[in-house]
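Residue strings, one per chain:
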Amino acid sequence: MNEGTSSTGRSSAASGTPIQPPASFVAGANVTDGSLRESFAERWPECWERAADFLDWSSPYDTVLDATDGYDWFAGGTLNASYNCVDRHVEAGRKSHAALKWEGRLGETRTYTYHDLYREVNALAAALRERGVEAGDVVTTYMPMLPELPVTMLACARIGAVHSVVFAGYSADALAMRLADTESAYLVTCDGYYRRGTAYDLKRKADNACLDVPQSVDRLIVDRLDDDRSYGDNYVGYAALLDEYRGETVEPVPRAASDPLFVIYTSGTTGRPKAVRHTTGGYLAQVAWTSHAVLDLGPGDTHLCSADVGWITGHSYVVYGPLALGATTVLYEGTSDYPERDHLWGIVERNAVDVFYAAPTVIRAFMKWGAEYPADHDLSSLRLLGTVGEPIDETTWRWYHENVGGGECPIVDTWWQTETGGILVSTLPGVDAMRPGAAGPPLPGIAADVVDPHGSPVEPGESGSLVLTRPWPGMALDLGESTGEDPTDWRYETGDAATVDAGGYVRLLGREGNTLNVAGRRLGTREVEAAIVAVDGVAEAAVVGAEDTRRDTVLYAYVTPQRDAGSEARLRERVRDAVADAIGGFAVPDVVLLTPDLPKTRSGKVLRRHLRQIANGEAVSDTGALRNPEIVGELESIVDGVS
Ligand code: ATP
Ligand code: MG
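Residues numbered from 1 in each chain as written. Chains lettered and ligands numbered in written order. Predicted model: local features only at pLDDT ≥ 70, side-chain atom pairs only at ≥ 80, totals over all residues. Heavy atoms only, no water.

## Regarding the UniProt feature "domain: AMP-binding enzyme C-terminal" (unreviewed entry) in the protein
- Look at the UniProt record and you will see "domain: AMP-binding enzyme C-terminal" (unreviewed entry) annotated at residues 527–605.
- End C-alpha atoms of residues 527–605 are separated by 17 Å, and the span's content is 28% helix alongside 29% strand. (UniProt positions renumbered as here; feature names shortened; annotations may be inferred. Helix = DSSP H or I, 4+ residues; strand = E, 2+ residues; numbered from the N terminus.)

In structure tokens:
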């Protein structure tokens, strides 16, 4: 086994002995069968019945996978996602269990039992239908984290409409692009929202977007700001409309398993956001199964996922997965550090959260603020922690494990994408040992390879491209391509670079193209970043290559110091020493820049292409995906200052 061996063959900063899940966790875990991967592989694709069994079908499917024309999972079966996430829990005697808990920006709280959710979803479904929404129509939402958002998604699902959720932080242009692209004639939005105590106008952006699209858009508006503003003729008030329909019920419309449940756009980290469509049957089965097997959720659990519902993570693991299983899902409005930096830990404590799922960038922010914030709260209800969205380096992993998980909770480092619908690579928390820095093996039923540019699998420990070689139920419609006669001859290139060790654990190295040639040697920037983040006083780091006048690669390290990091010169020195120790002198960054923040997408991913442009002295283009565009100018002047 290639433990702790990096792509360059040296011992990396992210090495360590595997950590076994604690016996106390295993004793109560949903999945403890260590032979699941083998049994799924032997019975593929029939193994996926196991996921479909988490759902109630209106009519049973004929075959697990019909691959005669594309990949039709659970072909012949029909079901309704709203029935599966709401009605059946009410029918099973859990009507007074909390389905959704919400904490608002002004300290308000709301709890929806499954019965409450049933009433809200039915009322809105009836109202939408009256307004003309039919099965297959696209309904767009443009709202912050309000309970009305999942209610709208489920109401759409109930009548067979396809939802398109647009993140509230997006601009009018971004909303218009999505409205036009999906030809959506319905919009559910709100007047505004609070962020850090300030009210932001959302309606004006919605107005502008609607002016910019060819179709006319029927609009419902949620009153969040409570400011007596009149909305004008183009909008119908959500609350008043719901009052009219409350008490009505709408029969859930049976949908074919392959009918789209929603459309969503990728984050746009590597280029222009792409539209992705997910199915009703395969998608819902995949997220229910992974919520059970990886997030270890069940009916008695309270789950807090810090992702916005505007991202796929929010769709799958704030809304559909937890609700399909009858668990309680917690939503909060706004940011994790307002009014105080312990805001999220207060939510965990008040709601006795069992499972917490967040992005490494969120965890690194907590690390930067300090361990005293989680320490101030009783986090003993937590049983399992998860991460998603970016590689988590070993230092951050250990901080999370220790300071949030009390040194006890297992951590699942879950790799997946918008296109995959649900988690595909992760440890099973009740079965597999954890290796900080490596996500884990592909889940049962998932086949993945790390390949060289010719498509041949690389040796253990060598870096290559992560490809998925068999379809799975939660795959987006029209994903990948078949490569032969047999339905198993199929391939989807993920665009991520990875290594796999002899034990089958996949370690993600970031996007392809983040591998550099430095002094004639291959170097993964992720590896340099891991060495830097391990330095005391460093919160976050991103490393990119630039070209000097002789066209040699020059390494730039952008480093965010922690509070109280001490002398800047000494910190730079420690960064250089750490890289030299962990990897070697050739990998030591030529330029170490200290910066208060890194350019990030609205979903929290570091945009390395902008860092590359800045390092090369090029104009920074296409900043539309940035959450914090102001950092670009700041970084440009820092770079100017050193070169
Ligand atoms: P776009 O495809 O438009 O460039 P995006 O890829 O950022 O945007 P997402 O689908 O939200 O949009 O992100 C998926 C990507 O996130 C993966 O391809 C991978 O690079 C990264 N990722 C997700 N989870 C992990 C993880 N656990 N470890 C490492 N990387 C991860
Ligand atoms: Mg992507």
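## Remarks on the site of ligand 1
- As a matter of local geometry, ligand 1 sits amid 20 residues, with Thr 266, Thr 269, Thr 270, Thr 418 and Lys 605 nearest to it.
- With respect to ligand 1, the side chain of Ser 267 contributes an N or O atom lying 2.8 Å from an oxygen atom.
- Relative to its unbound accessible surface of 640 Å², ligand 1 loses 95% to contact with the protein.
- At the level of elements, strand S20 (411–414) and strand S25 (506–511) are the ones that each hand at least two residues to the shell around ligand 1.
- Considered class by class, the residues forming the shell around ligand 1 number five nonpolar, nine polar and six charged. (Near = heavy atom within 4 Å. Polar contact = N/O pair within 3.5 Å; in protein donor to acceptor, adjacent residues only side chain to side chain. Areas by Shrake-Rupley, 256 points an atom, 1.4 Å probe, with all protein chains shown as cover. Nonpolar A, V, L, I, M, F, W, Y, C, P; charged D, E, K, R; others polar.)

## Description of the UniProt feature "domain: AMP-dependent synthetase/ligase" (unreviewed entry) in the protein
- Under the UniProt annotation, the feature "domain: AMP-dependent synthetase/ligase" (unreviewed entry) is placed at residues 93–471.
- Counted over residues 93–471, helix gives 31% and strand 23%. Its end C-alpha atoms are 36 Å apart.

## Observations concerning the pairing of strand S9 (residues 192–195)
- Sheet topology places S9 next to strand S10 (residues 198–201); four bridges connect them, and they run antiparallel. Residue pairing across strands places Tyr 193 opposite Tyr 200, the latter belonging to S10.
- Connecting S9 to the antiparallel partner S10 that follows it, the hairpin turn spans two residues, and Arg 196 within it adopts a positive phi of roughly 50°. (Pairing = 2+ DSSP bridges.)

## Some remarks on the sheet that holds strand S4 (residues 98–103)
- In spatial order, the strands read S5-S4-S17-S16-S18-S19-S20; together these seven strands make up an open sheet with mixed pairing. Edge positions in the sheet fall to strand S5 (109–113) and S20, since each of these pairs with one other strand and no more. Direction aside, the axes of adjacent strands within the sheet are offset by 20° on average.
- By the bridge criterion, three bridges tie strand S16 (residues 302–305) to strand S18 (residues 355–358) in an arrangement that is parallel. Residue pairing for S18: Leu 304 is matched across the bridge by Phe 356. (Axes fitted to C-alpha atoms, helices over the stretch in contact; angles between N-to-C directions.)

## Details of the packing of aromatic side chains
- The final tally for this structure, using the stated rule, is 24 aromatic pairs.
- Geometrically, the ring pair formed by Trp 44 and Trp 73 is edge-to-face, given 6.3 Å between the ring centres and 85° between the ring planes. Of this pair, Trp 44 sits in the loop between helix H2 (36–42) and helix H3 (49–52) while Trp 73 sits in strand S2 (residues 72–75), placing them 29 residues apart in sequence. The same class applies to Trp 44 as to Trp 73, namely buried.
- Among the aromatic side chains, those forming a connected cluster through ring pairs are Trp 44, Trp 57, Tyr 61, Trp 73 and Phe 74.
- Here the basic side chain of Arg 178 rests over the ring of Tyr 170, its NZ or CZ set 4.4 Å away from the ring centre. (Phe/Tyr/Trp six-rings, centres within 6.5 Å; stacked < 30°, edge-to-face > 60°. Buried < 20%, exposed > 50% of the residue type's maximum accessible area, 1.4 Å probe, protein only. Lys NZ or Arg CZ within 6 Å of the ring centre and 35° of its normal.)

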